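Summary of structural features
So you can see what is in the structure, the chains are spelled out below.
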Amino acid sequence: MLPATAKWYDRRDSVFIEFCVADSKDVKVNFDKTKCGFSCLCGTDNVKHENQIELFEAIDENESKHKRTDRSVLCYLRKAQPGKAWPRLTKEKAKLSWLSVDFNNWKDWEDDSDEEMGNFDQFSDMMNNMGGDDGMPDLDGANEEESSEDSDDEKMPDLE
């Protein structure tokens, strides 16, 4: 038995795990309050895959579900405490070779609060209102009084 390769990502009220198994059969997904179990037969060789995950936090096993496609099995785990970020999927900090973060779907939703956006708007307004001192030179048209020719511009010889 081999563990199936999996990717995961965090959302405000849920966690998603995608088991990357093509042509899966006999898919079994078990949700427990603090665990997720997955098994299936895969491919033409009927290779058996099995994963057991001790989750970082508790989930609502009755609201969690999964969906099988030809290329993968996507699991939707409903968090028992929505709004709490999971820094990792597993309870233990150990790096699992078959598990990775799905950066294509990852979103830093913690930073999307209205308060944070308000602070950004205030910062942006402050930056826009900051003007240069009246004594500061205007750099947009620096030294327009000088000749437009560069000092190293020389007449090029004619082509023969």
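You'll find the protein entered in an unreviewed UniProt entry as Prostaglandin E synthase 3, with Cyprinodon variegatus given as the organism. A UniProt comment under Catalytic activity (unreviewed entry) is attached to the protein, and it reads "prostaglandin H2 = prostaglandin E2". You can read under Pathway (unreviewed entry) in the UniProt record for the protein the words "Lipid metabolism; prostaglandin biosynthesis."

Let us now look at the overall build of the protein. On a plain count of helices and strands, the protein comes out with one helix and eight strands. Ordering the α and β elements of the protein from the N terminus gives β-β-β-β-β-β-β-β-α. A separation threshold of at least 6 residues defines the contact pool for the protein, and within that pool the share at least 24 residues apart is 59%.

Attention now goes to the pattern of salt bridges. Counting across every chain of the model gives four salt bridges. Notably, a salt bridge pairs Asp-10 with Lys-79, separated by 2.6 Å at the nearest N-O pair. Placement of the pair is Asp-10 in strand β1 (residues 6–10) and Lys-79 in the loop between β7 (73–78) and β8 (99–101), with a sequence separation of 69 residues. In this structure, Asp-13 engages Arg-78 in a salt bridge whose closest nitrogen and oxygen atoms are separated by 2.9 Å. You can see Asp-13 sitting in the loop between β1 and β2 (14–19) and its partner Arg-78 sitting in strand β7, a full 65 residues away along the chain.

Rules used in this analysis
Residues numbered from 1 in each chain as written. Predicted model: local features only at pLDDT ≥ 70, side-chain atom pairs only at ≥ 80, totals over all residues. Heavy atoms only, no water. UniProt positions renumbered as here; feature names shortened; annotations may be inferred. Helix = DSSP H or I, 4+ residues; strand = E, 2+ residues; numbered from the N terminus. Contact = heavy atoms within 4.5 Å. Salt bridge = Lys/Arg side-chain N within 4 Å of Asp/Glu carboxyl O.

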